[in-house]
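An overview of the molecular structure
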Amino acid sequence: MKSKTRKLFAKYGVDVTKAIRTVMNLPISLHCWQLDDVTGFESKESLSGGIQVTGNYPGKARNFDELTADFDEVLKYIPGKKKINLHAIYGVSKNGYQRDQLTPALFAPWVDYAKKRNIGLDFNPTLFSSPWVKDNLTLSSPDSAVRDYWIRHCKQSREIAEYFGRELDQKSLCNIWIPDGFKDDPVDRFGPRLRLKEALDDIYSVKLNRHYIADSVESKVFGIGVESYTTGSHEFYMNYANSQKIMCLLDMGHFHPTENVADKLSSLLVFQKQLALHVSRPVRWDSDHVLKLNDDLQAIANEIIKHTLQGKEILIGLDYFDASINRVAAMIVGARNMQKALLIAALMPWDQLKAYQDAGDFTRLLALQEELKMLPLNEVWEFYCEKENVPSSIEWLDAVKAYEEKIMKVRGL
Ligand code: RNT
Ligand code: ZN
């Protein structure tokens, strides 16, 4: 990097080396489900639960070997610390398994994989795409057999996460998202939420080692076919998470389209030290488009960096699934954009900007913010990528295209 560039940032009080270090050490959890349209290895159940993947681009991964081969390709082109985010439907077994019979052995191949690549693992119970989802309900079902089935599944899922954490010697996030809700206005809005609270109390009554597992609950405003009510609303989980001292997980697609999700972080972080994110890109609805480096992503990244520098912990997970383009490329584009947004955020002189706000000098605040946009950010990005041994520009795509050609011969889809 040119020393002129460093000086330019220093003029604003920004230390480029420190900025890069901040970003490099923030783990990004890569969601395995982008690579196979949330199918998993169970194969029989089609995707349900109010979420939808659209597109039929050929070549999706069909098993553990294909998915990990894709991940090896993905990992080459993303700078910074990485984790892989798994769902309970990605257990490795020749004969299949029931969701209420999860064992660490099913996920041991993932642990081996992660150990060899020095990356972490996160986990999610899968409370969708299952005949045990009755009338769109799981943990809030009026049927105790249904609730108990999913309570067992969630308890086992937390143990898998703890096992990941212990094996890899780093915290594993266990995030619970349920699809529960109603297509039309329910007459009883209270009962399902009370049942959900009781089910969660049961699940979290098992105390696990917080050194290895972090728990979170993910809210949602609506899903396809459950437009009128979702049991696990934002208000519900905000209170629940606080009462249990676990994390809220905010998914950028789970709010009304005009809500500013980035604005929510500071409100939550007044009361909590940690929170988790599903960084996504909703287009008109929770469509889970590939992340673009747009204002919404930048706003989230700005909040992540500012709070991280203040000692808060924000767990970053990506959550999108596009089946209309090359899935490996989709994963890489989104993850690189997350990294770019974080780097840009880390290169901003937040203390200076805050000082202008506190002094009521909104003229300087606006003027400086707009000047900063023209700083040579790409030069720092190139330097960061070089340091991390990944290409800094589009040449990665040729390699991914060559990989695609190779796998198509085998997958032939
Ligand atoms: C669904 C939630 C949830 C899922 C994944 C597969 O609306 O966002 O996080 O996308 O767990
Ligand atoms: Zn999500």
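1. A few points about the layout of surface pockets
Size it by volume and the largest pocket reaches roughly 850 Å³. If you go around the largest pocket, you meet 27 residues; those closest to its centre are Asn 302, Lys 306, Trp 350, Leu 353 and Gln 369. Elements with a contribution of two residues or more to the lining of the largest pocket: α8 (262–271), α9 (295–309), α11 (350–358) and α12 (362–372). Class assignment of the residues belonging to the lining of the largest pocket gives a composition of 10 nonpolar, 9 polar and 8 charged. By volume, the second largest pocket is sized at about 480 Å³. Lining the second largest pocket are 27 residues, and of these Pro 27, Lys 83, Gln 170, Lys 171 and Leu 315 sit closest to its centre. Breaking the lining of the second largest pocket down by element, the ones donating at least two residues are β1 (28–31), β2 (82–87), β3 (120–124), β9 (274–279) and β12 (313–318). Sort the elements by how many residues they give to the lining of the second largest pocket and β12 lands first, with 5 residues. Among the residues making up the lining of the second largest pocket, the classes are represented as 12 nonpolar, 9 polar and 6 charged.

2. Section: the coordination of the zinc ion (ligand 2)
Octahedral six-donor coordination of a metal ideally yields angles of 90 or 180 degrees, compared with 109.5 degrees for tetrahedral four-donor coordination. For the zinc ion (ligand 2), every protein donor is listed as Glu 218 (OE), Asp 251 (OD), His 278 (ND1) and Asp 319 (OD), and the spread of their distances is 2.1 Å. One way to put it: the 6 donor atoms around the zinc ion (ligand 2) meet at angles of 71 to 170°, and that makes the site octahedral. Read in sequence order, the donor residues coordinating the zinc ion (ligand 2) give the pattern E-x32-D-x26-H-x40-D. With His 278 in strand β9 and Asp 319 in the loop between β12 and α10 (327–346), this pair connects stretches of sequence that are 41 residues apart.

3. Comments concerning the pairing of strand β4 (residues 172–176)
The side chains of a regular strand alternate, first on one face of the sheet and then on the other. In terms of burial, β4 is a largely internal element, 5 of the 5 residues being buried. Where burial is concerned, the two faces of β4 agree: the one with Ser 172, Cys 174 and Ile 176 and the one with Leu 173 and Asn 175 are both buried.

4. Focus: the site of ligand 1
Taken together, the neighbourhood of ligand 1 is formed by 13 residues, with His 87, Glu 218, Lys 220, His 254 and Asp 319 sitting nearest. Between ligand 1 and the protein, one listed contact pairs an oxygen atom with a side-chain N or O atom of His 278 at 3.2 Å. The protein chains hide 99% of the 300 Å² of surface that ligand 1 would expose on its own. Placement of ligand 1 is best described as lying within the largest cavity. Of the residues contributing to the shell around ligand 1, the split by class is 5 nonpolar, 3 polar and 5 charged.

5. Section: empty space enclosed by the protein
Evaluated as defined, the whole model comprises 3 cavities of 30 Å³ or more. Around the largest cavity, the lining comprises 17 residues; the ones closest to its centre are Ile 51, His 87, Trp 177, Glu 218 and Asp 319. Looking at the second largest cavity, its volume works out to about 80 Å³. Considering the residues around the second largest cavity, the lining is formed by 13 residues, among which Gly 59, Asn 326, Arg 327, Val 328 and Ile 407 are closest to the centre. Counting only elements with at least two residues in the lining of the second largest cavity, the list comes to α10 and α14 (395–411). In terms of residues, the lining of the second largest cavity owes the most to one element, α14, which gives 5 residues. Classifying every residue of the lining of the second largest cavity by side-chain character gives 7 nonpolar, 2 polar and 4 charged.

Rules behind the numbers
- Residues numbered from 1 in each chain as written.
- Chains lettered and ligands numbered in written order.
- Predicted model: local features only at pLDDT ≥ 70, side-chain atom pairs only at ≥ 80, totals over all residues.
- Heavy atoms only, no water.
- 1 Å grid on protein atoms, 1.4 Å probe; cavity = no way out; pocket = protein on both sides within 12 Å on 5 of 7 lines; lining within 4 Å.
- Points joined across faces, edges and corners; volume = space filled by probe spheres on them.
- Helix = DSSP H or I, 4+ residues; strand = E, 2+ residues; numbered from the N terminus.
- Nonpolar A, V, L, I, M, F, W, Y, C, P; charged D, E, K, R; others polar.
- Donors = N, O, S within 2.8 Å, 3.2 Å for Na, K, Ca; no water.
- Tetrahedral: all angles 85-135°; square planar, octahedral: opposite > 155°, others 65-115°.
- Buried < 20%, exposed > 50% of the residue type's maximum accessible area, 1.4 Å probe, protein only.
- Near = heavy atom within 4 Å.
- Polar contact = N/O pair within 3.5 Å; in protein donor to acceptor, adjacent residues only side chain to side chain.
- Areas by Shrake-Rupley, 256 points an atom, 1.4 Å probe, with all protein chains shown as cover.
- Sits in = over half its atoms within 2 Å of the grid points.

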